[in-house]
Amino acid sequence: MPKFYGYKRCSTSRKAQKWFDDKGISYDFQDLVETPPEKDLLLSWLTKYQDRGLRYFFNTSGQHYRQMGLKDKLPNMTIEEAADLLSKDGKLIKRPLVVDDQHLTCGFKEEVYEQTWK
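Residues numbered from 1 in each chain as written. Predicted model: local features only at pLDDT ≥ 70, side-chain atom pairs only at ≥ 80, totals over all residues. Heavy atoms only, no water.

Q: What exactly am I supposed to notice about the pattern of salt bridges here?
A: Pairing between side chains becomes possible if they bear opposite charge and their charged atoms approach one another. Per the counting criterion, the structure on display carries six salt bridges. Between Glu114 and Lys23 there is a salt bridge, and its shortest N-O distance comes to 3.0 Å. Separated by 91 residues along the polypeptide, Glu114 in helix α6 (residues 110-117) and Lys23 in helix α1 (residues 11-23) bring together distant segments of the chain. By relative accessible area, Glu114 is classed as partly exposed at 24%. Between Lys39 and Glu80 there is a salt bridge, and its shortest N-O distance comes to 2.8 Å. Remark: Glu80 occurs in helix α5 (residues 79-88) and Lys39 occurs in helix α2 (residues 39-48); sequence separation between them is 41 residues. Judged by relative accessible area, which is 26%, Lys39 ranks as partly exposed. By relative accessible area, which is 40% here, Glu80 ends up partly exposed. Linked through salt bridges whose partners overlap, the residues forming this network are Lys39, Glu80, Asp84 and Lys88. (Salt bridge = Lys/Arg side-chain N within 4 Å of Asp/Glu carboxyl O. Helix = DSSP H or I, 4+ residues; strand = E, 2+ residues; numbered from the N terminus. Buried < 20%, exposed > 50% of the residue type's maximum accessible area, 1.4 Å probe, protein only.)

Q: Would you explain α1 in this entry?
A: Quick reminder: α-helices carry 3.6 residues per turn. Residues three or four places apart thus point the same way. With 13 residues, α1 extends 18 Å from end C-alpha to end C-alpha; this agrees with the ideal 18 Å at 1.5 Å per step. Taken residue by residue, α1 has Ser13, Ala16, Gln17, Trp19 and Phe20 as its buried positions. Relative to the axis of α1, the buried residues are bounded by an arc of 155° and lie together on one face. Turned more than 90 degrees off the buried face of α1, the exposed positions are Lys15, Lys18 and Asp22. Where the residues of α1 are buried, they touch β1 (3-6), β2 (28-31), β3 (97-99) and α6. Phi turns positive, to about 70°, at Gly24, one or two residues after α1. (Expected span 1.5 Å × (residues − 1). Arc of directions from axis to C-beta. Contact = heavy atoms within 4.5 Å.)

Q: Looking at this structure, how should I read the nonpolar core?
A: Most often, soluble globular proteins keep nonpolar side chains buried together rather than apart. Judged by nonpolar contacts, the single largest core of 22 residues is most densely connected at Trp45, Phe57, Phe58, Leu86, Leu97 and Leu104. Of all the secondary structure elements, the ones that give two or more residues to this core are α2, α5, β3 and β4 (104-106). Those residues within four positions of Leu86 in sequence are excluded, and the remaining contacts are Pro36, Leu42, Leu46, Phe57, Phe58, Leu92 and Ile93. If you look at the next biggest cluster of nonpolar residues, it comprises nine residues, including Trp19, Phe20, Ile25 and Tyr27. (Core = buried A, V, L, I, M, F, W, Y, C linked by side-chain atoms within 4.5 Å.)

Any functional reading would require information beyond the geometric quantities listed.
Next comes the structure, spelled out in structure tokens:
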């Protein structure tokens, strides 16, 4: 069963949840703002999916991202540093983050969900 890291007040998270619900796909929801994924988990995902780049995992349109000036810092950031940041501030994570043993997606694009989660 996929683990769904979302935020109840995020419209993109709600759209993605509705997609799962409409397809009858079960998932385990975790609020990533209240309880962000642990650093070790993030480190494993950032490493396994490093071909997507660190930017894929960051909420680049979020206030925290802009306030911290991460646009300029991200190109020189290590996977370890990124995992540390994301584990301490769930609002930095692009949402929703959905993961199981074989797949991981950040954000919601219906065509990507159709290919990945059906």
